[in-house]
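Given next are the chains, with one letter for each unit.
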Amino acid sequence: MNEIVFLNGAYVERAEACISPDDRGFIFADGIYEVTKFYYGKPFRLEDHLQRLKRSLKEIDIEYERVSELETISLTLLEKNNLLNTHAGVYWQISRGAHPRVHHFPTEIKPTIYAFAFPLPSAEEKLGKGIKVIVQEDIRWKRCDIKSVSLLPNTMLYNEAVKKGAGESILVRDGYVTEATHSGLFTVKNGVLITRPLSNLILPSITRKVVLELCAENQLSVEEKLFAEAELKEMDEVFICGTGSEILPVVEVDDVRIGNGEPGPVTRKIQQLFFEAVNKL
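A quick note: this is a predicted structure, and the numbers were derived from the prediction, not measured. (Residues numbered from 1 in each chain as written. Predicted model: local features only at pLDDT ≥ 70, side-chain atom pairs only at ≥ 80, totals over all residues. Heavy atoms only, no water.)

Undergrad: Lay out the pairing of strand β5 (residues 87-95) with the relevant residues and their values.
TA: With 8 of 9 residues buried, β5 lies mostly within the body of the structure. Where strand β3 (residues 31-39) and β5 come together, 9 bridges link them in antiparallel fashion. The residue of β5 that forms the bridge with Tyr33 is Gln93. Across 8 bridges, β5 lies against strand β6 (residues 112-119) in antiparallel orientation. Within β6, the position partnered with Gln93 by the bridge is Tyr114. (Buried < 20%, exposed > 50% of the residue type's maximum accessible area, 1.4 Å probe, protein only. Helix = DSSP H or I, 4+ residues; strand = E, 2+ residues; numbered from the N terminus. Pairing = 2+ DSSP bridges.)

Undergrad: Tell me what's going on with the sheet that holds β6, and back it up with residues and numbers.
TA: Reading across from one edge, β2-β1-β6-β5-β3-β4 is the order of the 6 strands in this open sheet, with antiparallel pairing throughout. With partners counted over all chains shown, the strands left at the sheet margins are β2 (10-13) and β4 (42-43), one partner each. Both β3 and β4 contribute to a ladder of 2 bridges, which runs antiparallel. What sits directly across from Phe38, in β4, is Pro43. Against the sheet, helix α3 (residues 70-80) touches β1 (4-7), β2, β3, β4, β5 and β6, its axis set at about 130 degrees to β5. (Contact = heavy atoms within 4.5 Å. Axes fitted to C-alpha atoms, helices over the stretch in contact; angles between N-to-C directions.)

Right under this line is the structure:
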């Protein structure tokens, strides 16, 4: 069966889906996106994703009043692509729409809405053994709190990790660790989880929010504070988190072993709590 996608109110074969070359998402990366994971047809933290999408739309002044319909669209896409009985992701993208090229935001313009579903299995081996990462300078813009489709810096940084045989790049700005290219970041020192406070320099990760809630519910200590690259490499444990990453241990940073080189007990506990939450869907 051909893959079915959603574009501007219609379900069509991917090969038949077309947008205008004047679409501002194509010309200016003038748009936002979200990805939600569905475990056997059940969404994980859907409302959080929708609220973040609304915030991103507001921050770049795109008016779209039908966000509540995205759940139905997502389930329809999963059904049409035979993905209701597995782990899958749904990608939503909303650009400002098509208009002759101008640098200001044009008025009376209709947004372009695009969505598709895709298999998103858990990376069982990596979840079990962990990954190695590299550290790079954070070259992204200063509104990383907006989930913008303008991801060229992220992809450049991630591609460098791939070339070096690593599973991610952890980023540093002004001497302090921010996050990874497409994942949130936690570290552990002396049993305390440490993560950078939310600001314009990192994405308000939904999985990060889940981890903080799990810590509060299970009396696990957390500190939200800045920490430097040198401190990162001296942590007892490190893990990244995200819709696709889930809770993914980091066992090596720039050829420096973290802890004993295996996923640590706090990371394992967070993994356990996370998947218990998933299993309750």
